Number of protein chains: 2
Amino acid sequence: MDRTLISQTVNKIGEKVHLRGWVSAVRDHGKITFIELRDRTSTIQCVGVDLPKVTPQSVVYIDGLVKKRPEKLVNANIATGHVEIEIQNFTIVSKAQELPFDMGKEELNLDLPTMLDHRSLSLRHPKVRAIFEVQEVVIDSFREFMKQNDFFEFQAPAITPATAEGGAEVFQVDYFDKKAYLTQSPQLYKQIVMTAFERVFSVNKVFRAEPSVTTRHLTEIVSLDAEMGFIDSWEDVKNMADKTIKYVLDQVSTKCSAQLALFGVEIPSYIENTPTLSLREAQDKIFEKTKRDVRGEKDLNPEDERDLCMIIKKETGSDLVFVYGYPTRKKPFYVYPD
Amino acid sequence: MDRTLISQTVNKIGEKVHLRGWVSAVRDHGKITFIELRDRTSTIQCVGVDLPKVTPQSVVYIDGLVKKRPEKLVNANIATGHVEIEIQNFTIVSKAQELPFDMGKEELNLDLPTMLDHRSLSLRHPKVRAIFEVQEVVIDSFREFMKQNDFFEFQAPAITPATAEGGAEVFQVDYFDKKAYLTQSPQLYKQIVMTAFERVFSVNKVFRAEPSVTTRHLTEIVSLDAEMGFIDSWEDVKNMADKTIKYVLDQVSTKCSAQLALFGVEIPSYIENTPTLSLREAQDKIFEKTKRDVRGEKDLNPEDERDLCMIIKKETGSDLVFVYGYPTRKKPFYVYPD
């Protein structure tokens, strides 16, 4: 019998189906067992009598009848909540060992090493999976918007003969008899490719050998980079970045509402004209509102950025803010004044 | 005046336009100069009188009138071949130095070091650009087909603590006080992510420290990887791979016809049922047709593969062929018999 995907069961009430998936939860009520089954499309409740013992995360095949649930047992929170499967045949394809932690809870609450040591388990938790689902939508929608605006995608190299931004925070690779480095940025490559395609972007890995463990420091990240020719002013770039970010936020908001709901969060809010300040204006504003005097500093530090964002959010409702006009001597040679 | 993209000029006959781009060729006929202008959308012929001297690859702005070309001067080979620009105002934004080689020829004919040392020039040549355009379409259509078939895209790590396939052909990275490696394959990661998403794929960099320089040996490549759960036999995987490859070929054929024409090549041809042989059958066939006896070998070497492909092409018309049934002891531990 051909496999039915769980998402398709809602259109098959009264029919026999063959399902395949992972047992995400088991509830034993004596003779009757409730099994929550998960496949790539969804989850569904299955009910069986006198089933063999099965452990959570086991892989199973289930033959059964799709039945409409009684009105008062409908679960409005899931797509298959108004149906359930009456199990007729139950095959354990691969029985999971006893789990090192409870996968059935709403929160995993694991420390990071445990989470990573059991990646094949922790990844299956809805809240962990959600993070990667949002990641996919962010990258896809960045790519989508770029292509809508004539940007050409190229593959930037990871191994480079020199460092783009200098500094010690670079990983060295033993490249035969030469020294090579993991790229910190596709900057110089995208500027070269731009001369052939005018508008280019790259979704690529960049690497920073920063031993700190903060949300601002990761050794390997996916970088969304773009470069465009024939701008009239830095505001052309700002406007493209602004539209790109807003497009990505809109897509995440639409396509990931379930994932955001799991975390009880909303996407950052934005307004039509994203507030735009020079570094000086930003520093003046921080001084005016917090009395912290960073006027004359050549950059914003993380505390400045947090303060500025809170002030702007309060004044305008926008979580986004542009700051321009950094002194060029703090920046690499290829950076324009604004 | 707002910029007009070159591709839009064909709908603006009789209108004044402002164009921006690179001079891809200059022909000087005394008072009259012909300039081929390139932007991200196309190229177009522009004609001016008493223009200032301009070098190829310079960046220019051109204000001019879009004119229909006389019937006998139409160039059917390019999209803008039935129009030309009568230059009214000509601004050299950035004058190119004298070029190290002739960019105007149909073939660049450069050795690889020269090509790479002048990447910002060589990349602008139509035949070089074409390679990257086909690359983009290959990757896009792989991604498209995967998504159409419920595969989830994840970002596989580049830096790994251990090697997936063993062997000496791995790049070592100085990772703080530890040893780490550049990934040779996302294999183990995709098998883990598969348990959370059932069908997964990854477009990611893999690295091989192989000093040979052949088309089969590159230190850094973009790998298109997929993994699917709940197969009934290896033929499910074969069929998915088969459909994926054919989809990609179809897309390249449709979207890259101009690029393929530049090289005078066609996409590999395929037939509905891609020829599928066991290793033994393949070796028997090679022996039968070439008298070269590789029966009993545990793998196909490059010569075997070439011979087999030629035989299959002749017999069936297919450039594609599947070979299954390799002895598992020649393969890493995670590989199934077929």
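Computed from a predicted structure; not experimentally measured.

Peer 1: Where do I start with the relation of the copies chain B and chain A in this structure?
Peer 2: Between chain B and chain A, which share one sequence, the superposing operator has a rotation angle of 180° and an axial displacement of 0.0 Å; the RMSD is 0.0 Å. Between the two chains, the operation in question is that of a two-fold axis. No C-alpha of chain B approaches the rotation axis more nearly than that of V173 of chain B, which lies at 2.4 Å. Of all interface residues in chain B, 100% are interface residues in chain A too; the two copies therefore contact each other through one and the same surface.

Peer 1: Please clarify how the sheet that holds strand β3 (residues 43-49) of chain B should be interpreted in this entry.
Peer 2: All names here are of chain B. Around the barrel, which closes on itself, the five strands sit in the order β1-β2-β3-β5-β4 with mixed pairing between neighbours. Neighbour-to-neighbour, the strand axes of this sheet turn through a mean angle of 50°, independent of strand direction. As paired elements, strand β4 (residues 59-68) and strand β5 (residues 83-94) share 10 bridges and run antiparallel to each other. Counted as the bridge partner of L65 is E86 from β5.

Peer 1: Teacher, can you tell me more about the packing of helix α3 (residues 126-148) of chain A against helix α5 (residues 234-255) of chain A here?
Peer 2: Two packed helices can be described by the angle between their axes and the distance between those axes. Residue and element names in this part refer to chain A. With their axes 9 Å apart at the nearest point, α3 and α5 run at an angle of 135° to one another. Taken together, the axes of α3 and α5 lie oblique to each other. Crossing handedness for the pair α3 and α5: right-handed. Between α3 and α5, the residues in contact are V134, V137, V138, S141, F142, E144, F145, M146 and Q148 and M240, K243, T244, Y247, V248, Q251, V252 and K255, respectively. The class makeup of the residues in the contact of α3 with α5 is 10 nonpolar, four polar and three charged.

Peer 1: In this structure, what is going on with the interface of chain B and chain A? I would like to understand it.
Peer 2: Put simply, an interface is often sized by how much accessible area is lost when its parts join up. Contact with chain B, which involves 60 residues of that partner, is made by 60 residues of chain A. When chain B packs against chain A, the two sides together hide about 5000 Å² of surface, and 58% of this comes from carbon and sulfur. There are 12 salt bridges connecting chain B and chain A. The residue D232 of chain B makes a salt bridge to R20 of chain A at a minimum N-O spacing of 2.8 Å. The interface formed by chain B and chain A includes 33 residue pairs in polar contact (both at pLDDT 80 or more). A total of nine residues in the side of chain B that touches chain A trace back to one element, the largest contributor, which is helix α3 (residues 126-148) of chain B. Considering only residue class, the side of chain B that touches chain A consists of 29 nonpolar, nine polar and 22 charged.

Peer 1: Looking at this model, I keep getting lost on the nonpolar core. Mind explaining?
Peer 2: Generally speaking, a soluble globular protein has its nonpolar side chains buried in company with each other. Judged by nonpolar contacts, the single largest core of 20 residues is most densely connected at M103 and L108 of chain A together with F154, V193, F197 and V200 of chain B. When residues in this core are grouped by element, the largest group, four residues, is from helix α4 (residues 187-197) of chain B. Not counting residues up to four positions away in its chain, the partners in contact with F197 of chain B are R38, R40, R129, F132 and E133 of chain A together with F152 of chain B.

Peer 1: Quick question: what am I supposed to make of the environment of D236 of chain A here?
Peer 2: Structurally, D236 of chain A is set in helix α5. Apart from residues no more than four positions distant in its own chain, D236 of chain A is found in contact with M228 and I231 of chain A.

Peer 1: Even after reading the chapter, I still don't get the sheet that holds strand β1 (residues 16-29) of chain A, so can you show me in this structure?
Peer 2: Picture the strands of a sheet paired through backbone hydrogen bonds; they go either parallel or antiparallel. What the five strands build is a closed barrel, ordered β1-β2-β3-β5-β4 (chain A); its pairing is mixed. Taken pair by pair, the neighbouring strands of this sheet meet at an average axis angle of 50°, ignoring direction.

Peer 1: Explain the pattern of salt bridges here, please?
Peer 2: When the charged atoms of two side chains with opposite charge come close together, those side chains can pair. For the structure on display, the rule yields 56 salt bridges over all chains. One salt bridge connects D28 of chain B with K53 of chain B, and the closest N-O pair in it is separated by 3.1 Å. With D28 of chain B in strand β1 (residues 16-29) and K53 of chain B in the loop between β3 and β4, the pair connects residues that are 25 residues apart, well separated along the chain. The class of D28 of chain B is partly exposed, set by a relative accessible area of 43%. We note a salt bridge from E133 of chain B to R129 of chain B, for which the minimum N-O separation is 3.8 Å. Placement of both E133 of chain B and R129 of chain B in helix α3 is noted, with a separation of four residues, approximately one turn of the helix. Accessibility classification places E133 of chain B together with R129 of chain B in one group, the buried group. One salt-bridge network, in which partners are shared between bridges, spans R3, D39 and R40 of chain A together with D150 and E198 of chain B.

Reading the values: the criteria
Residues numbered from 1 in each chain as written. Chains lettered and ligands numbered in written order. Predicted model: local features only at pLDDT ≥ 70, side-chain atom pairs only at ≥ 80, totals over all residues. Heavy atoms only, no water. Least-squares fit on C-alpha atoms with pLDDT ≥ 70 in both. Contact = heavy atoms within 4.5 Å. Pairing = 2+ DSSP bridges. Helix = DSSP H or I, 4+ residues; strand = E, 2+ residues; numbered from the N terminus. Axes fitted to C-alpha atoms, helices over the stretch in contact; angles between N-to-C directions. Parallel < 35°, antiparallel > 145°, perpendicular 65-115°, else oblique. Left-handed = near helix turned anticlockwise from the far one by under 90°. Nonpolar A, V, L, I, M, F, W, Y, C, P; charged D, E, K, R; others polar. Buried area = accessible area lost by both parts, 1.4 Å probe. Salt bridge = Lys/Arg side-chain N within 4 Å of Asp/Glu carboxyl O. Polar contact = N/O pair within 3.5 Å; in protein donor to acceptor, adjacent residues only side chain to side chain. Core = buried A, V, L, I, M, F, W, Y, C linked by side-chain atoms within 4.5 Å. Buried < 20%, exposed > 50% of the residue type's maximum accessible area, 1.4 Å probe, protein only.

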